[in-house]
Amino acid sequence: MPYASVTEHSVGVAPSYEALRLGRGGTVVAPPRHDVFRLPALSTSVAEARRHVVRRLRSWGIDQDTRDSAELIVSELFTNAVRHTSSEEVRCSLQLIGTRLRLEVADQGCARTVPEARSVTADQEGGRGLMLVEALSEAWGVRPNQAGAGRAVWAYLAT
């Protein structure tokens, strides 16, 4: 399935080259890595989103446990965007900042409620996605989609 992908290797503005290159104590720090891709808001796109995330994180040298967690988080967030909004496409962003990985999935809107983790009973078929996101991530949240209507759900993982 075709998708749009943009890869950026530096983000933001630094006061000097040395500020980007040097970390605390003068150690050399790799520049932030950033990847954005968009897929149609179809249930069949969820698997492609997972594959893209795993390939990108592997190319960045991210460990297997973090890749597995990121794959599950993106799968849950992407599925929610497809199921619970009237989006035509879903945008996914990955950003490696130092030892933290930021994941974000943005929809185009019209969901009836704000995404939140909720308790479910053992016999309920769904509803555990955001509980998994909460359990696997250091932090997660929701913000308005900066590209227009809709929301973006983000999560941070330690690498």
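It should be emphasised that the depicted structure is a prediction, and the values quoted were computed from it without experimental measurement.

### Digging into the overall build of the protein chain
Right, so step 1: Counting its secondary structure elements, the protein chain contains 4 helices and 6 strands.
Right, so step 2: For the protein chain, the α and β elements follow one another from N to C terminus as β-α-β-α-α-β-β-α-β-β.
Right, so step 3: Evaluated residue by residue, the protein chain yields a buried proportion of 38% over its 159 residues.
Right, so step 4: Total accessible area on the protein chain stands at roughly 9100 Å², and carbon and sulfur atoms take up 52% of it.

### A look at the environment of Thr44
Right, so step 1: Of note, Thr44 is situated in the loop between β2 (33-40) and α2 (45-59).
Right, so step 2: In this structure the C-alpha to C-alpha distance between Thr44 and Val82, which are 38 residues apart in sequence, comes to 9.8 Å.

### Some words on the pattern of salt bridges
Right, so step 1: Enumeration according to the criterion identifies 8 salt bridges in this entry.
Right, so step 2: The salt bridge involving Glu138 is made with Arg100; its shortest N-O contact spans 3.0 Å. Taken as a pair, Glu138 in the loop between α4 (129-136) and β5 (139-144) and Arg100 in strand β4 (residues 100-106) lie far apart in primary sequence, 38 residues in all.
Right, so step 3: We classify Arg100 as partly exposed; its relative accessible area is 34%.
Right, so step 4: Note that Glu104 and Arg102 form a salt bridge whose closest N and O atoms lie 2.9 Å from each other.

### Remarks on the side chain of Asp107
Right, so step 1: One can find Asp107 in the loop between β4 and α4.
Right, so step 2: Buried and unpaired, Asp107 has Arg151 as its nearest opposite-charge partner, separated by 5.8 Å.

### Some points on the nonpolar core
Right, so step 1: Counting 29 residues, the largest nonpolar core has Val53, Phe78 and Leu103 as the members making the most contacts within it.
Right, so step 2: Of all the secondary-structure elements, those providing two or more residues to this core are β2, α2, α3 (64-84), β3 (89-97), β4, α4 and β6 (151-158).
Right, so step 3: In terms of residues, this core owes the most to one element, α3, which gives 7 residues.

### Considerations on the packing of α2 against α3
A pair of packed helices is captured by two measures, namely the crossing angle of their axes and the spacing between those axes.
Right, so step 1: Two numbers describe how α2 lies on α3: the axes approach to 9 Å, and their chain directions differ by 150°. By the angle between their axes, α2 is roughly antiparallel relative to α3. Of the two elements, α2 crosses α3, and the hand of that crossing is right-handed. Contacts between α2 and α3 involve Ser45, Val46, Ala49, Arg50, Val53, Val54, Leu57 and Arg58 from the first element and Arg67, Ala70, Glu71, Val74, Ser75, Phe78 and Thr79 from the second.
Right, so step 2: Of the residues belonging to the contact of α2 with α3, the class tally is 8 nonpolar, 3 polar and 4 charged.

### A short note on the packing of aromatic side chains
Right, so step 1: Per the counting criterion, the structure on display carries 1 aromatic pair.
Right, so step 2: A cation over an aromatic ring shows up here: Arg100 above the ring of Tyr156, its NZ or CZ 4.1 Å from the ring centre.

### Focus on the pairing of β5
Right, so step 1: Here β5 runs beside β6; their pairing, made up of 6 bridges, is antiparallel. Within β6, the residue paired with Ala139 across the bridge is Tyr156.
Right, so step 2: Connecting β5 to the next strand, β6, in antiparallel fashion are 6 residues, including Gly148 with a positive phi near 140°.

Rules of the game
Residues numbered from 1 in each chain as written. Predicted model: local features only at pLDDT ≥ 70, side-chain atom pairs only at ≥ 80, totals over all residues. Heavy atoms only, no water. Helix = DSSP H or I, 4+ residues; strand = E, 2+ residues; numbered from the N terminus. Buried < 20%, exposed > 50% of the residue type's maximum accessible area, 1.4 Å probe, protein only. Areas by Shrake-Rupley, 256 points an atom, 1.4 Å probe, with all protein chains shown as cover. Salt bridge = Lys/Arg side-chain N within 4 Å of Asp/Glu carboxyl O. Lys, Arg positive; Asp, Glu negative; His and termini not counted. Core = buried A, V, L, I, M, F, W, Y, C linked by side-chain atoms within 4.5 Å. Axes fitted to C-alpha atoms, helices over the stretch in contact; angles between N-to-C directions. Parallel < 35°, antiparallel > 145°, perpendicular 65-115°, else oblique. Left-handed = near helix turned anticlockwise from the far one by under 90°. Contact = heavy atoms within 4.5 Å. Nonpolar A, V, L, I, M, F, W, Y, C, P; charged D, E, K, R; others polar. Phe/Tyr/Trp six-rings, centres within 6.5 Å; stacked < 30°, edge-to-face > 60°. Lys NZ or Arg CZ within 6 Å of the ring centre and 35° of its normal. Pairing = 2+ DSSP bridges.

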